[in-house]
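Letter by letter, the chains look like this.
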Amino acid sequence: MEVLPKALEVDEKSPESKDLLPSQTASSLCISSRSESVWTTTPQSNWEIYRKPIAIMSVGGAILLFGVVITCLAYTLNLEKTSKDALKMTGPAFLSLGLMMLVCGLVWVPIIKKKQKQRQKSVFFQNIKSFFLNR
């Protein structure tokens, strides 16, 4: 059990006792990365910003090329029926998986750019607001 400080102790008979206790919801216990990014103003390099989409695009491109090679081998080599069927099934699977990852990385880049512009506007408007309110 959690021990409350004396300032927060309330008589349980009063109807306001439930309102005065601090809420322990999941949202107050866990800080999301979205709310943290609003308060951190340290400038990030382009590598720190775009490293995840670049990694996703690289892995997706590699899987896509692997799928192309396997599919080409399945249709060009004269193999026995079971291995040829296996290559014909796995080749397109790797093709689709690689293409999906590549497209996800490509779509992620404009989303990050849009977020950066919004963050710059937000910081700009906060600076203007604080300038006029501190006068």
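Anything mentioned here points back to the structure above.
Structure report, in brief. (Residues numbered from 1 in each chain as written. Predicted model: local features only at pLDDT ≥ 70, side-chain atom pairs only at ≥ 80, totals over all residues. Heavy atoms only, no water.)

A look at the overall build of the protein chain
For clarity, the cut-off: Under the scheme used here, helices are H or I runs from DSSP no shorter than 4 residues and strands are E runs no shorter than 2 residues, and both carry numbers assigned from the N terminus. Think of it in three bands: with a 1.4 Å probe and only protein chains considered, a residue is buried below 20% of the maximum accessible area for its type, exposed above 50%, and partly exposed in between. For this analysis, residues touch if any pair of their heavy atoms sits within 4.5 Å.
Across its full length, the protein chain carries five helices and zero strands. When the helices and strands of the protein chain are listed from N to C terminus, the series reads α-α-α-α-α. Taking all 135 residues of the protein chain together, the buried fraction comes to 14%. Contacts in the protein chain between residues at least 24 apart in sequence constitute 66% of all its contacts with a sequence separation of at least 6.

Overview of the pattern of salt bridges
Our working definition: Salt bridge, as used here, is a side-chain nitrogen of Lys or Arg placed within 4 Å of a carboxyl oxygen of Asp or Glu.
Applying the stated criterion to the full structure yields one salt bridge. Here Lys81 ties to Asp85 by a salt bridge, and the two come within 3.6 Å at their closest N and O atoms. Residue Lys81 and its partner Asp85 are located together in helix 5 (residues 81-133), separated by four residues, close to a single helical turn. For Lys81, a relative accessible area of 62% translates into the label exposed.

Considerations on the packing of aromatic side chains
For clarity, the cut-off: Aromatic rings from Phe, Tyr and Trp, with only the six-membered ring used for Trp, were paired whenever their centres fell within 6.5 Å, and each pair was classed as stacked if the ring planes differed by under 30 degrees, edge-to-face if by over 60, and tilted otherwise.
Evaluation of the coordinates by the stated rule reveals one aromatic pair. Considering the side-chain rings of Phe66 and Phe94, the 4.9 Å spacing of their centres and the 80° angle between planes classify their relative orientation as edge-to-face. Here the residue Phe66 occupies a position in helix 4 (residues 46-76), and Phe94 occupies one in helix 5, the gap between them amounting to 28 residues. Taking the relative accessible area as the measure of exposure, Phe66 reaches 43% and is therefore partly exposed.

Here's the deal with the packing of helix 4 against helix 5
How we decide: Axis definition: a line fitted to C-alpha atoms, over the contacting stretch in the case of helices. Angles run 0 to 180 degrees between N-to-C directions. Geometric relationships in this document are graded by angle, where less than 35 degrees denotes roughly parallel, more than 145 denotes roughly antiparallel, 65 to 115 denotes roughly perpendicular, and other angles denote oblique. Note on convention: the crossing is left-handed when the near helix lies turned anticlockwise from the far helix by less than a right angle, right-handed when the turn is clockwise. Gly is put with the polar residues, along with every residue not named as nonpolar or charged; the nonpolar set is Ala, Val, Leu, Ile, Met, Phe, Trp, Tyr, Cys and Pro, and the charged set is Asp, Glu, Lys and Arg.
Axis separation between helix 4 and helix 5 bottoms out at 7 Å; the angle between their running directions is 160°. Viewed along their axes, helix 4 and helix 5 adopt a mutual orientation that is roughly antiparallel. Classified by chirality, the crossing of helix 5 by helix 4 is left-handed. Split into classes, the residues belonging to the contact of helix 4 with helix 5 amount to 25 nonpolar, nine polar and four charged.

A look at the environment of Val109
Assignment of secondary structure puts Val109 in helix 5. Beyond its immediate stretch of four places on either side in the chain, Val109 contacts Tyr50, Pro53 and Met57.

Comments concerning the environment of Cys104
Counting through the fold element by element, Cys104 comes out in helix 5. Relative accessible area serves as the criterion here: at 45%, Cys104 is assigned to the partly exposed category. The sequence separation of Cys104 and Pro53 amounts to 51 residues, and the corresponding C-alpha distance is 8.0 Å.

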